[in-house]
Amino acid sequence: MADPTRTAYRTCPLCEAACGLELTVTGDRITAARGDREHVFSHGFVCPKGATFGQLTADPDRLRRPLVRRAGRLEEASWDEAFAAVEAGLRPIAAEHGPDAIALYLGNPNVHTMAGGLYVSPLVRTLGSRNVFTASTVDQMPKHVSCGFMFGHPLTIPVPDVDRTDLLLILGANPWESNGSLATAADLPGRLKAIQARGGRFVVVDPRRTRTAEAADEHLFIRPGTDAYLLFGIVHTLFEEGLVDLGALAGHVTGLAGVRDLALDFAPEAMAVVCAVPADRIRGLARELAAAGSAAVYGRIGTCTVEFGTLTSWLVDVVNVLTGNLDRPGGVMFPEAAHVRARTRAGGKGFRTGRWHSRVRGLPEVRGELPVAALADEIETGGEGQVRALLTVAGNPVLSTPNSDRLDRALAGLGFMVSVDPYLNETTRHADVVLPPADVARKGHYDFAFLALAVRNFAAYSPPVLPPDPDGGMDECDILARLILILSGRGAGTDPAVLHDHLLDQALQRAGGEVAELREKVTGDHPAERLLDVALRTGAYGLTLDELRAHPHGIDLGPLRPRIPEVLQTPSGTVELCPAPIAADVERLRAGLDRRRDGFVLIGRRHLRSNNSWMHNVPALVKGRDRCTLQIHPDDAAKLGIGTGGTARVTSRVGELTAPVEITETVMPGVVSLPHGWGHDRPGTRMTVAAANPGVNSNVLTDETSVDPLSGNAVLNGIPVEVTAA
Ligand SMILES: Nc1nc2c(c(=O)[nH]1)N[C@H]1C(S)=C(S)[C@@H](COP(=O)(O)OP(=O)(O)OC[C@H]3O[C@@H](n4cnc5c(=O)[nH]c(N)nc54)[C@H](O)[C@@H]3O)O[C@H]1N2
Ligand SMILES: Nc1nc2c(c(=O)[nH]1)N[C@H]1C(S)=C(S)[C@@H](COP(=O)(O)OP(=O)(O)OC[C@H]3O[C@@H](n4cnc5c(=O)[nH]c(N)nc54)[C@H](O)[C@@H]3O)O[C@H]1N2
Ligand code: SF4
Ligand SMILES: [Mo]
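Residues numbered from 1 in each chain as written. Chains lettered and ligands numbered in written order. Predicted model: local features only at pLDDT ≥ 70, side-chain atom pairs only at ≥ 80, totals over all residues. Heavy atoms only, no water.

The name given to the chain in an unreviewed UniProt entry is Dehydrogenase, with Paractinoplanes rishiriensis as the source organism.

Written out as structure tokens, the structure reads:
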């Protein structure tokens, strides 16, 4: 008899770091997960979340069969019954009210599944609704917009070359807890320590002294929401002190004079008053970035989910350009992923937004979607174009999006709702049909999103670790294929193979060249594998699925290489440093200079053992002390008369909550911090562990009317609040 215990290798899908896991599989169960020491990118690194891979996949609360609402109650049903119910619910709404009456919300795990990478675009196209919303507008949309305008494509995002840089300036990111974002770098803390070990430095700008800040060479407190002022102060200094040096970029940059003129009003001495970073340090940072052999500025959540998100994201790369650090080793560089075609020529159509606007608030479309902060408006406001049905895929907007109590009520009033999700949680409890995908161990994995953001080029494919389980959820590509077939009018009973074949045909056609010849070569046991194989074969390195399968620890494709000018898709074929829509928004920033900044502001935070809203059901991750606390500075606590072990009431324009207080001088005076993704105390969910340790939902305080105008991104940091002892 064969040994029932075996080892399998698989990329961890739980965050952006893309670590290789070594899994011990006993029979049909994953009994251990550790770091894969031979992995070309992660070299054995694993975090506490990755280590619970087995428990997560075996969670007894995970849904294994669809749920259908009958007489008001969600009950288990067969897959055929569930898809028939979807068709019966959605088709009349589309027929009577048109495609915009059905909204779609796509959550974060879509960037961590192959179904998300391959089947979501066809789903969006088939739905044909203007009401598409995603977690991008509570996350990184400002970066897409700034890069779209500067480099011509919203996915052309430069990442810090952390393995070679001499100086890294980090704004609003905490990789010690998050493991990095928009910069795929397994063991980012280790890579940051390596900068110091080779004589370089890293500096952290954050309203909290985070673990990343503790490890840094320097930490600067900043008043939440004011990084654009700090960065403009740096830009001002670079021009004023003659430190601008484009290096090899000279000849590939336009708009330099425009930026210089805009920066005139933003002298460091005035900026210091607003952002609380001393003027001599603003000037010092400018000089140090200009003088370093190589340097990189990197910003994340704290620079995106703020009032001036797009301006801040733009200024990050303006500084990288002005110091000659864009596209050079040790600066910020453009990764080249194996599934993306090589580019040979600079120039393209460029980037635009606002092809349509949200019906109620008139917010512009960006990348084919509308701000999720506008979703409740679109559901609640009657009239032509009202959203009457919602499809969610891998999202929990009731905890993740601003003024979530309002959204919670709005979802309860929908005509029909479908959720593709393995959990019955705060959002999916509103659904009429819940379609649970098979667990991740039964899915193949390739990181379409994150290999294009990796700090070193590499490729890895993981085949499913466990075989399909007929009683363990449906393959997610099949679920999305069947939804697409329903929406396209082919009927709930249509074999998903029809759609899989259609997508393969399309991919082969797009590949160009001899279609029949390519079709002959394509391999793969699963539709997603075949689509990946086509992408790899036509991709920048001409790899194949078989080659990736033969390398379970990944294939290293080398350090990042300079890619300017070919990577640029702006109409001019240059880096457009001063895009008109962004320049126009500087007026808003200037107007903010005179604003009074007193009173408390709320910011968020992440914890290593937590993952947005959905991993609080894994016992190993939630044990120990309560992490959903309101952090407050000792001086503020004393003023308010709040002692250790006390609770505080926090009130914003839209909501109120009470939370246990954690008094700590790691947070700036005037700032309070509460993590997001908690608040698991609503009725009708099935997440036993999470419900036993619910925490409070910080997004009852964030304001859905407050968005960054260019990107539509919600403002989730720097929320004005009142704090009192409870
Ligand atoms: N205040 C505040 N709010 C925030 C943030 C913040 O910093 N502060 N951060 C924001 C950010 S960056 C993000 S990305 C969003 C996240 O916002 P969302 O994506 O809406 O929320 P998640 O908590 O990631 O929920 C993921 C959902 O996907 C389901 N899921 C997990 N795996 C799979 C799978 O393989 N397939 C399917 N179909 N479903 C799956 C889970 O059960 C869960 O319901 O939250 C945002 N909200
Ligand atoms: N353990 C864990 N890992 C995760 C996640 C998770 O929930 N848990 N979520 C994943 C997701 S979806 C994402 S998008 C990434 C996010 O990755 P990161 O951006 O690295 O994550 P955060 O920990 O939210 O870090 C944001 C930091 O910005 C600071 N900040 C808040 N406001 C401001 C401001 O105005 N200016 C400045 N300079 N700083 C500010 C906060 O104090 C915080 O330390 O993490 C991913 N990884
Ligand atoms: S850092 Fe991210 S990818 Fe790596 S093991 Fe942890 S959760 Fe998984
Ligand atoms: Mo995110």
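A.B. asks: Would you mind going over the domain arrangement of the chain with me for this structure?
C.D. replies: One frequently used descriptor of interface size is the decrease in accessible area upon assembly of the parts. On domain assignment, one finds that the chain holds domain 1 (64-129 + 371-445 + 463-551), domain 2 (141-334 + 572-590) and domain 3 (598-725). Spacing between the C-alpha centres of domain 2 and domain 3 amounts to 28 Å. Facing 29 residues of domain 2, the contacting portion of domain 3 comprises 24 residues. Note on domain 2 versus domain 3: buried area summed over both sides is about 2,000 Å², and carbon and sulfur give 62% of it. A per-residue breakdown of the area domain 2 buries against domain 3 is headed by Glu 177, Arg 208 and Thr 305, which together make up 29% of the total. For the side of domain 2 that touches domain 3, the elements supplying multiple residues, two or more each, are α5 (141-151), α6 (175-178), α13 (301-304), α14 (309-322) and α23 (580-592). Counting residues per element, the side of domain 2 that touches domain 3 draws most heavily on α23, at 4 residues. For the side of domain 2 that touches domain 3, the residue count by class is 15 nonpolar, 6 polar and 8 charged. (Domains from an automatic or database assignment. Contact = heavy atoms within 4.5 Å. Buried area = accessible area lost by both parts, 1.4 Å probe. Helix = DSSP H or I, 4+ residues; strand = E, 2+ residues; numbered from the N terminus. Nonpolar A, V, L, I, M, F, W, Y, C, P; charged D, E, K, R; others polar.)

A.B. asks: What exactly am I supposed to notice about helix α3 (residues 79-97) here?
C.D. replies: The α-helix winds at 3.6 residues per turn, so residues separated by three or four positions along the chain end up facing the same way. The end-to-end C-alpha distance of α3, which contains 19 residues, comes to 27 Å, matching closely the 27 Å that a straight helix rising 1.5 Å per residue would cover. Among the residues making up α3, those that are buried are Trp 79, Ala 82, Phe 83, Ala 85, Val 86, Gly 89, Leu 90 and Ile 93. Positive backbone phi, approximately 90°, marks Gly 98, located one or two places after α3. (Expected span 1.5 Å × (residues − 1). Buried < 20%, exposed > 50% of the residue type's maximum accessible area, 1.4 Å probe, protein only.)

A.B. asks: I keep staring at the environment of Leu 322 and nothing clicks. Help me out?
C.D. replies: Its location among the elements puts Leu 322 in helix α14. Taking the C-alpha atoms as reference, Leu 322 lies 41 Å from Arg 627; in sequence the two are 305 residues apart. Non-local contacts of Leu 322, meaning those with residues more than four positions away in its chain, are made with Val 235, Leu 238, Phe 239, Leu 243, Val 244, Asp 245, Leu 246, Leu 256 and Leu 577.

A.B. asks: So what exactly am I meant to see when it comes to the sheet that holds strand β3 (residues 29-35) here?
C.D. replies: Pairing between the strands of a sheet comes from backbone hydrogen bonds, and it takes one of two forms, parallel or antiparallel. Pairing in this open sheet of 3 strands is antiparallel, and the strands run β1-β2-β3 from one edge to the other. The sheet is open, and its two borders are formed by β1 (5-11) and β3, each paired with just one other strand. Each strand axis lies, on average, 30° off the axis of its neighbour in the sheet, ignoring direction. Two strands pair when backbone bridges link them, and strand β2 (residues 20-26) and β3 are joined in this way by 6 bridges, in the antiparallel orientation. Each bridged residue has a counterpart across the sheet, and for Glu 22 the counterpart in β3 is Arg 34. (Pairing = 2+ DSSP bridges. Axes fitted to C-alpha atoms, helices over the stretch in contact; angles between N-to-C directions.)

A.B. asks: Can you help me understand the packing of helix α19 (residues 496-511) against helix α21 (residues 527-537) in this one?
C.D. replies: If you want to describe how two helices pack, look at the angle between their axes and the distance between the axes. With their axes 10 Å apart at the nearest point, α19 and α21 run at an angle of 5° to one another. The pairing of α19 with α21 is recorded here as roughly parallel in orientation. Contacts between α19 and α21 involve His 500, Leu 503, Leu 504, Ala 507, Leu 508 and Ala 511 on the former and, on the latter, Pro 527, Arg 530, Leu 531 and Val 534. Considered class by class, the residues forming the contact of α19 with α21 number 8 nonpolar, 1 polar and 1 charged. (Parallel < 35°, antiparallel > 145°, perpendicular 65-115°, else oblique.)

A.B. asks: How do you make sense of the site of ligand 3 when you look at a structure like this?
C.D. replies: Contacts to ligand 3 come from Cys 12, Leu 14, Cys 15, Ala 17, Ala 18, Cys 19, Phe 45, Val 46, Cys 47, Lys 49, Gly 50 and Asn 179. Using a 2 Å cut-off from the grid points, one finds that ligand 3 occupies the largest cavity. Of the residues that constitute the shell around ligand 3, the class distribution is 9 nonpolar, 2 polar and 1 charged. (Near = heavy atom within 4 Å. 1 Å grid on protein atoms, 1.4 Å probe; cavity = no way out; pocket = protein on both sides within 12 Å on 5 of 7 lines; lining within 4 Å. Sits in = over half its atoms within 2 Å of the grid points.)

A.B. asks: Help me understand the packing of aromatic side chains in this model?
C.D. replies: Aromatic ring pairs are defined here through the distance separating the ring centres and the angle between the ring planes. One pass over the structure, following the stated rule, counts 9 aromatic pairs. Taken together, the ring pairs in this structure connect Phe 232, Phe 266 and Trp 314 into an aromatic cluster. Lying over the aromatic face of Phe 41, Arg 191 brings its terminal NZ or CZ to 4.6 Å of the ring centre. (Phe/Tyr/Trp six-rings, centres within 6.5 Å; stacked < 30°, edge-to-face > 60°. Lys NZ or Arg CZ within 6 Å of the ring centre and 35° of its normal.)

A.B. asks: Explanation requested: the UniProt feature "domain: 4Fe-4S Mo/W bis-MGD-type" (unreviewed entry) in the chain in the structure shown.
C.D. replies: Mapped onto the present numbering, the UniProt feature "domain: 4Fe-4S Mo/W bis-MGD-type" (unreviewed entry) falls at residues 5-61. From the first C-alpha to the last, residues 5-61 spans 25 Å; its make-up is 16% helix and 37% strand. (UniProt positions renumbered as here; feature names shortened; annotations may be inferred.)

A.B. asks: Sorry if this is basic, but what is going on with the sheet that holds strand β16 (residues 416-420) here?
C.D. replies: Taken in spatial order, the 7 strands make up an open sheet running β5-β4-β17-β16-β15-β6-β7, and their pairing is mixed. Among the strands making up the open sheet, the edge pair consists of β5 (73-76) and β7 (132-134). Mean inter-strand twist for the sheet, computed between neighbouring axes without regard to direction, equals 20°. Running over the sheet, α3 touches β4 (67-70), β6 (102-106), β15 (389-393), β16 and β17 (433-435) and is turned about 125° from β17.

A.B. asks: Quick question: what am I supposed to make of the site of ligand 2 here?
C.D. replies: If you check the shell around ligand 2, you find 31 residues, and the closest are Ser 178, Asp 206, Gly 225, Asp 227 and Ser 610. One of the backbone N or O atoms of Asn 174 is found 2.9 Å from an oxygen atom in ligand 2. One of the backbone nitrogen or oxygen atoms of Gly 302 is found 3.4 Å away from a nitrogen atom of ligand 2. A total of 910 Å² of accessible area belongs to ligand 2 in isolation, and the protein chains cover 98% of it. Listed by contribution, the elements that provide at least two residues to the shell around ligand 2 are α6 and α13. For the shell around ligand 2, the residue count by class is 10 nonpolar, 13 polar and 8 charged. When residues of the shell around ligand 2 are sorted by domain, at least three fall in each of domain 2 (141-334 + 572-590) and domain 3 (598-725). (Polar contact = N/O pair within 3.5 Å; in protein donor to acceptor, adjacent residues only side chain to side chain. Areas by Shrake-Rupley, 256 points an atom, 1.4 Å probe, with all protein chains shown as cover.)

A.B. asks: I would appreciate a short explanation of the packing of helix α4 (residues 114-127) against α19 in the present structure.
C.D. replies: Direction vectors running N to C along α4 and α19 enclose 100°, while the axes themselves pass 12 Å from each other. Classed by the angle they form, the pair α4 and α19 counts as roughly perpendicular. Across the interface between the two elements, Leu 118, Tyr 119, Pro 122 and Arg 125 of α4 pack against Leu 499, His 500, Leu 503 and Gln 506 of α19. Considering only residue class, the contact of α4 with α19 consists of 5 nonpolar, 2 polar and 1 charged.

A.B. asks: Even after reading the chapter, I still don't get the side chain of Ser 136, so can you show me in this structure?
C.D. replies: Locating Ser 136 in the fold gives a position in the loop between β7 and α5. Classification of Ser 136 by relative accessible area gives buried; the value is 13%. Separated by 3.0 Å, the side chains of Ser 136 and Gln 140 make a polar contact. Leave out the neighbours within four places in its chain, and Ser 136 touches Met 141, Glu 369 and Asn 713.

A.B. asks: Explain helix α11 (residues 268-275) to me, please; I cannot follow it from the model alone.
C.D. replies: Three or more residues of α11 are buried, namely Pro 268, Met 271, Ala 272, Val 274 and Cys 275. Down the axis of α11, the smallest arc covering the buried residues is 165°, so these residues share one side. On its buried face, α11 sits against α9 (227-240) and α12 (279-291). Phi turns positive one or two residues past the end of α11, at Ala 276, with a value near 75°. (Arc of directions from axis to C-beta.)

A.B. asks: I tried to follow the nonpolar core on my own but got confused; where do I start?
C.D. replies: Note that soluble globular proteins tend to have their nonpolar side chains buried in a common cluster. Ranked by size, the top nonpolar core spans 163 residues in total, and within it Phe 232, Ile 234, Val 235, Trp 314, Leu 435, Tyr 446 and Leu 483 carry the most contacts. Counting residues per element, this core draws most heavily on α9, at 9 residues. Both domain 1 (64-129 + 371-445 + 463-551) and domain 2 (141-334 + 572-590) contribute no fewer than three residues apiece to this core. Once residues lying within four places of it in the same chain are set aside, the contact partners of Trp 314 are Ser 146, Met 150, Phe 232, Val 259, Leu 262, Leu 577, Pro 579, Ile 582 and Val 586. Formed by 27 residues, the second largest nonpolar core is a distinct cluster that contains Phe 133, Val 138, Trp 356 and Ala 410. (Core = buried A, V, L, I, M, F, W, Y, C linked by side-chain atoms within 4.5 Å.)

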